[in-house]
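# Structural description and commentary
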Amino acid sequence: MASTGKDASLEFQVCDGAVRPESVLDGVDCSLAEARGIGNEAYTDNAFLALERQRLLSPTWTCIGIGSDLPEPGDVKPVDLVGLPLLMVRAENGELRVFHNVCSHRGVRLVEESGQVKRVIVCPVSLRSYNLDGTLFSTPHIGGQGKHNCEGF
Ligand code: FES
């Protein structure tokens, strides 16, 4: 059940011990004469992070970099977008692409630093590799190059 809490500068609702960010943001979503500052929890609480992702990032495009950051085919640049690990890649055909910077096997981060890769991006764990267009290239510990299924696995 919700209850009302009070901080020195703002009111907020607490539901089962968690701050409800919508009510805290009511203090800034009004006229300047009525507006209040938001509390520190807006910068530290995961509920606010989820709200930012939902309201600010999800509805529209977000610029995470520019093409000149990756001028050559094989250039890669990991980007953290509010906790989402992304990977900018200049593909062999010159297209700039962005992927989740995680392996499809167990979610390991694929690339830690900007740089240049040779033809494929290789997972550091079990060596699953990806072409620069994002397609799976090899699963050496499953089926081998171009063979991504293993009967009975
Ligand atoms: S986590 Fe990448 S190949 Fe296993």
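Computed from a predicted model, the values in this text were never measured in an experiment.

What counts, and at which threshold
Residues numbered from 1 in each chain as written. Predicted model: local features only at pLDDT ≥ 70, side-chain atom pairs only at ≥ 80, totals over all residues. Helix = DSSP H or I, 4+ residues; strand = E, 2+ residues; numbered from the N terminus. Buried ≥ 20, exposed ≤ 12 C-beta atoms within 10 Å, placed from the backbone. Contact = placed C-beta atoms within 7 Å. Pairing = 2+ DSSP bridges. Core = buried A, V, L, I, M, F, W, Y, C linked by C-beta atoms within 7 Å. pLDDT = per-residue confidence, 0-100.

### Considering the overall build of the protein chain
Within the protein chain one finds three helices and eleven strands. Listing each helix as α and each strand as β along the protein chain from the N terminus yields β-β-β-α-α-α-β-β-β-β-β-β-β-β. Here the protein chain holds 153 residues, and the buried ones make up 13% of them. Within the protein chain, contacts between residues separated by at least 24 positions form 30% of all contacts whose residues are at least 6 apart in sequence.

### With respect to the sheet that holds strand 4 (residues 75-81)
Sheet architecture is open: four strands sit in the order 6-5-4-7, paired in antiparallel fashion. The open sheet has two free edges, formed respectively by strand 6 (96-100) and strand 7 (115-116), since each of these has just one partner strand.

### Thoughts on unusual backbone geometry
One non-glycine residue, Val 82, lies in positive phi territory at about 50 degrees. Mapping Val 82 onto the fold places it in the loop between strand 4 and strand 5 (84-90).

### Topic: the environment of Gly 37
The topology assignment puts Gly 37 in the loop between helix 1 (21-25) and helix 2 (41-44). Separated by ten residues in the primary sequence, Gly 37 and Gly 27 place their C-alpha atoms 6.9 Å from one another.

### Thoughts on the nonpolar core
Judged by nonpolar contacts, Leu 70, Val 76, Leu 87, Met 88, Val 89, Leu 110, Val 111, Ile 121, Cys 123, Tyr 130 and Leu 132 together constitute the single largest core of eleven residues. Here this core gets three residues from one element, more than from any other, and that element is strand 5. If we ignore the near neighbours within four places in the chain, the residues touching Tyr 130 are Val 120, Ile 121, Thr 135, Leu 136 and Phe 137.

### Brief notes about the pairing of strand 10 (residues 136-139)
In the sheet, strand 9 (residues 129-131) pairs with strand 10 via two bridges, with the strands oriented antiparallel. From the neighbouring strand, Ser 129 faces strand 10, where its bridge partner is Ser 138. Taking the residues that link successive antiparallel strands as the turn, the strand 9-strand 10 hairpin has four residues, and the phi of Gly 134 there is positive, at about 90 degrees.

### A look at the confidence of the model for the protein chain
Residues of the protein chain with pLDDT of at least 70 account for 79%, and the chain-wide mean is 81. Confidence drops under a pLDDT of 50 for residues 1-15, and excluding neighbours within four residues, the segment shows 27 contacts in the predicted structure.

### Details of the pairing of strand 5
Relative to strand 5, strand 4 runs antiparallel, the two sharing six bridges. Paired with Asp 80 across the two strands is Pro 85, which belongs to strand 5. In this antiparallel pair of consecutive strands, strand 4 and strand 5, the connection spans two residues, and Val 82 shows a positive phi of 50 degrees. Here strand 5 runs beside strand 6; their pairing, made up of five bridges, is antiparallel. When the bridges of strand 6 are listed, Met 88 appears paired with Val 98. Hairpin connection from strand 5 to strand 6: five residues lie between these consecutive antiparallel strands, with Gly 94 at a positive phi of about 90 degrees.

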